[in-house]
Amino acid sequence: MTTNGTPEHPRSGNGRQPKPTRRRRTATIWISVAAAVVVLGVAGVLIGTNVYSNAENAKASAAPSVAASRAPSTLDASDLAGTWTVGGDSEAGYRLHEVLNGSDVTVTGRTDSVTGTATVDGSSITTAAITVQVADIATDSAQRDSYFRDSALDTSAFPTATFTLTGPIADAVPTGSGTKQVEASGDLTLHGVTKAVTAKLEVGLNGDGVDISGSIPITFADYGVQAPSLGFVKVDDDGTVEFLVHATPAG
């Protein structure tokens, strides 16, 4: 039938529009399934990346600091002058930031292969030289460690990193149970390159010696080190050298 010359749309006997055909219903279902798969796939990638980054960040070591619960000093605070040896209970390493598929990850590497000496005059540190065996620095990833050891830092050619004090640190060693925050000027040698740096230090007496914690910000390119960029993961151009050393009077 027509109304005013315009064909009417066919209707079912009860006046309702015809139901979609089975083919149309099937196509709609498949489109919905495909959309759900895409959404779940994207969500899976995001969740997987976030799980990884959260897990890696949880593994990162805290920044070294002179412990508030350190042992009472057994030293004669009135006579600390002389040569001190750095050894047991010392550690050093690095802290860096990387981006994995858009997620931020903090990575820390540590080693206890740390040696050195220092000279104390009164409460001032007049000389100091610290050596770290770079090839022994380790993270939770053997693959990452292999890259930094063999490619980035080339430890076969440059096995150590050193910090040498270039000026005295006046009034650096506390005489009581408190700590002192001071700055130290020195030369950092890494990857065969030496640069003048400033280290921020915390110093406190601990049992038979003195604890010194600190950090030195570095730019990898300054030391001829290429920060890795592998497409899905990129390491920042800057990082931090961190350390906590325990020094005791020699002899």
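Residues numbered from 1 in each chain as written. Predicted model: local features only at pLDDT ≥ 70, side-chain atom pairs only at ≥ 80, totals over all residues. Heavy atoms only, no water.

Attention shifts here to the pattern of salt bridges. Following the criterion strictly, the structure yields 7 salt bridges and no others. One salt bridge connects Glu91 with Arg110, and the closest N-O pair in it is separated by 3.8 Å. With Glu91 in strand β4 (residues 91-100) and Arg110 in strand β5 (residues 103-111), this pair connects stretches of sequence that are 19 residues apart. Looking at Glu91, the relative accessible area reads 29%, which means it is partly exposed. Using a relative accessible area of 14% as the deciding quantity, one classes Arg110 as buried. The salt bridge involving Asp150 is made with Arg149; its shortest N-O contact spans 3.8 Å. Asp150 sits in the partly exposed class, given a relative accessible area of 47%. (Salt bridge = Lys/Arg side-chain N within 4 Å of Asp/Glu carboxyl O. Helix = DSSP H or I, 4+ residues; strand = E, 2+ residues; numbered from the N terminus. Buried < 20%, exposed > 50% of the residue type's maximum accessible area, 1.4 Å probe, protein only.)

This paragraph deals with helix α2 (residues 142-152). Those residues of α2 that sit buried are Arg144, Asp145, Phe148 and Ala152. The buried side chains of α2 occupy one side of the element, clustering within an arc of 105 degrees when seen end-on. Projecting away from the buried face of α2 at angles above 90 degrees are the exposed residues Ala142 and Gln143. With its phi angle positive at about 45 degrees, Asp154 sits one or two positions after the end of α2. (Arc of directions from axis to C-beta.)

In terms of nonpolar packing, the biggest core is built from 48 residues, with Ile125, Ile169, Leu201, Ile216 and Ile218 touching the most fellow members. Setting aside residues up to four positions removed in sequence, Ile125 forms contacts with Ala118, Thr119, Leu165, Pro168, Ile169, Ala172, Val173 and Ile212. (Core = buried A, V, L, I, M, F, W, Y, C linked by side-chain atoms within 4.5 Å. Contact = heavy atoms within 4.5 Å.)

A separate point is the environment of Lys234. Relative to the helices and strands, Lys234 resides in strand β12 (residues 233-249). For Lys234, a relative accessible area of 42% puts it in the partly exposed group. Each residue touching Lys234, except ones within four places of it in the same chain, is listed here: His97, Glu98, Val99, Pro228 and Ser229.

Below, the discussion takes up the confidence of the model for the protein. Considering every residue of the protein, the mean pLDDT works out to 82; 75% of them sit at 70 or more. Note that residues 32-47 has pLDDT below 50 and, in this model, 0 contacts with residues that lie over four places away or in other chains. (pLDDT = per-residue confidence, 0-100.)

Along the chain, Ala184 falls in strand β9 (residues 179-190). In this structure, the C-alpha to C-alpha distance between Ala184 and Ile169, residues 15 residues apart in sequence, is 6.2 Å. Excluding residues that lie within four positions of it along the chain, Ala184 makes contacts with Phe163, Leu165, Ile169, Val197, Thr198, Ala199 and Leu201.

Right, let's get into the packing of aromatic side chains. On inspection of all chains with the given rule, the structure shows 2 aromatic pairs. Three or more aromatic residues joined by ring pairs make a cluster, and in this case those are Tyr94, Tyr147 and Phe148. (Phe/Tyr/Trp six-rings, centres within 6.5 Å; stacked < 30°, edge-to-face > 60°.)

This part is about unusual backbone geometry. For Asp154, which is not glycine, the phi torsion reads 45 degrees and is therefore positive. As for its position among the elements, Asp154 is in the loop between α2 and β8 (160-165). Residue class for Asp154 comes out partly exposed when judged on its relative accessible area of 25%. Despite not being glycine, Asp171 shows a phi value in the positive range, around 50 degrees. Within the secondary structure layout, Asp171 lies in the loop between β8 and β9. For Asp171, a relative accessible area of 45% translates into the label partly exposed.

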